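Here is how the chains run, residue by residue.
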Amino acid sequence: MIPMRDSFRTRLGFILAAAGSAVGLGNIWGFPTQVANHGGAAFLMVYLVVVVILAIPALYTELSIGHQAQANPVAALGKLAQRPHRVGAGLGKSVGLLNVGGAVLMLSFYHIIAGWMLAHALGSLALAMQWPEAHLALTTSSLWRDLVFVAVFLVGTGTIVVRGVSNGIEVWSRRLMPLLVVLLVVLIGYIAMQPGAGAGFARYLQPSFAGFSDPNLVVAAMGQAFFSLSIGLGGMMIYGSYLDRNANIGQLAVSVAALDTLIAFLAGLLIIPALYVAMGQGMQVSENGQLIGEAQLIFNVLPELFERMGAAGPWLGFFFFMLLSIAALTSTISLAEVPIAYLLESRQHSRRRATTLVIAVIAVFALALVIWFVPLFAWTVAYVTKFQLPLSGLFYFIVLGWLWSRSNKLKEKAREQWRFRLLFWHLRLVCPLLLLWVFVDVAFAG
Ligand code: TRP
């Protein structure tokens, strides 16, 4: 007898888990950095348009493939890429395997960054407890610190996914996502009351046409939206496969994208004003006319700002880095489910064995990345984000639009109603072309 597949118990549970997958370092770190680097409000406006015309369709496509196949990405893509029969199936399976490998690579570097966040959270806590030696050890980068925290974070990911979909992923998403929103709102409230925050709100929210002259604006927004919605590694596909047959994928995709975009928007309301508060205190927050982004923003500028805020400072630091750690954890569990579900269903491992194996492999890769950080880390990030995500996303569109012939609901509806016909052609033609543009631009120009 085939054992019953695990699944999400409730619609809300799915929405929180999928939003948890989407809301990650990309929202709280990546999005505000992009806003800062691309002219403030201009980026925000273009981003919103891009989410609607490209990212939501891509999310819908990835979820639909998983939902229809009720299987892991290797099996799902093999099953649905039916045209021409053998070639399509083989190609589908290969892309599925590429997704499994890509998820493992992404998990390796994502766990390293997540480990830094957790170390900084505990470092801030040590400061609040007036234990300066621990604070220093936890916030200074070192080989042992990185290794210890990768291990701690891996244990966290493993402990949740080993319990399965409804008892692990769903239960923890329900706990962590509300906590994340509370932390974010408290931090925004506190920063908003500091002198100088007003100028930051203005920079973020008042459209300035100067920003639109940036030639990279649109491609940057598309790349960010794709990453932020977790498209292209099978993370959403596997969650879609755990939805029951009657789920309305269109509606769910819109809800998840709306939540993800809301959190990214809120993160901007926190970080951009915080940069202006720091500027008001005489700290250097821009270089060559650009606001500071990336690692320097998170690990230097903001901690220094918190330190200047007296007794509340260490707690602000703690909340801030906990926020990032939680955001990372709900993303690592969805990524980890991709290789685990593959081992479980296609290789007949038990969930416990599959989890142990996957966590062990990630640990080895992460170890290599920490030890040979300089040559390997940036290359791995670039491979996954610049090649794997857009190319897999492109393939998903091709599957839905061209290769998937039997029981393709959208295709069937497109025959009857012009609204769906329009949507179908949008997914078939416009979206792949947009993605191809991102891919060519990012891979060959940047
Ligand atoms: N969306 C996540 C973030 O914003 C990162 C991410 C990209 C991801 N692709 C994924 C997470 C696939 C899970 C699955 O940080």
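By convention here, each chain's residues receive numbers from 1 onward along its written sequence. Side-chain atom pairs in this predicted model are given and counted only at pLDDT of 80 or more, local residue features only at pLDDT of at least 70, and totals for whole chains, interfaces and linings cover all residues. As a rule here, side-chain values come from all non-hydrogen atoms in the structure, and water together with hydrogens is ignored.

**Student:** If you had to explain the packing of aromatic side chains to someone new, which residues and values would you point to?
**Tutor:** Planes of paired rings set the category: under 30 degrees apart is stacked, over 60 is edge-to-face and the rest tilted, where pairs are Phe, Tyr or Trp rings (Trp by its six-membered ring) whose centres lie within 6.5 Å. Inspection of every chain in the model, using the stated rule, returns 21 aromatic pairs. When the centroid spacing of 6.2 Å and the interplanar angle of 75° are considered together, the rings of Phe109 and Phe377 count as edge-to-face. With Phe109 in helix H5 (residues 85-128) and Phe377 in helix H16 (residues 373-403), this residue pair connects regions lying 268 residues apart in the sequence. Each member of the pair, Phe109 together with Phe377, is buried. A centroid spacing of 5.6 Å and a plane angle of 80° characterise the contact between Phe387 and Phe439, whose relative ring orientation is edge-to-face. Highlighted residues: Phe387 in helix H16 and Phe439 in helix H18 (residues 418-445), separated in sequence by 52 residues. Only protein chains enter the accessibility calculation, which uses a 1.4 Å probe; a residue is then buried when its area is under 20% of its type maximum, exposed when over 50%, and partly exposed in between. Note on Phe439: relative accessible area 11%, which makes it buried. Grouping aromatic residues by their ring pairs yields a cluster made of Trp29, Phe109, Trp116, Phe299, Phe306, Phe320, Phe321, Phe373 and Phe377. Directly above the aromatic system of Trp402 lies the positively charged group of Arg428, at a separation of 3.7 Å from the ring centroid. A run of DSSP states H or I qualifies as a helix once it reaches four residues; a run of E qualifies as a strand once it reaches two. Both are numbered from the N-terminal end. Look at NZ for Lys and CZ for Arg. If either is within 6 Å of the ring centre and within 35 degrees of the ring normal, a charge sits over the ring.

**Student:** Which residues make up the site of the ligand, and what values do they have?
**Tutor:** Surveying the vicinity of the ligand reveals 14 residues, the closest of which are Ala22, Gly26, Tyr110, Phe227 and Ser230. Measuring from an oxygen atom of the ligand, one finds a side-chain N or O atom of Asn27 at 3.3 Å. Each accessible area is a Shrake-Rupley result for a 1.4 Å probe, and residues are judged covered by the shown protein chains and nothing else. Burial of the ligand by the protein amounts to 100% of the accessible area it has alone, namely 360 Å². Secondary-structure elements contributing two or more residues to the shell around the ligand are helix H1 (11-22), helix H2 (25-37), H5, helix H10 (217-228) and helix H14 (312-346). Any residue outside Ala, Val, Leu, Ile, Met, Phe, Trp, Tyr, Cys, Pro, Asp, Glu, Lys and Arg is labelled polar, Gly included; the first ten of those are nonpolar and the last four are charged. The residue inventory of the shell around the ligand, partitioned by class, reads 6 nonpolar, 8 polar and no charged. Any residue with a heavy atom positioned within 4 Å of a molecule or strand is treated as near that molecule or strand. Counted as a polar contact is a pair of N or O atoms within 3.5 Å, where, for protein atoms, one must be capable of donating a hydrogen and the other of accepting one, and residues adjacent in sequence contribute only when both atoms are in side chains.

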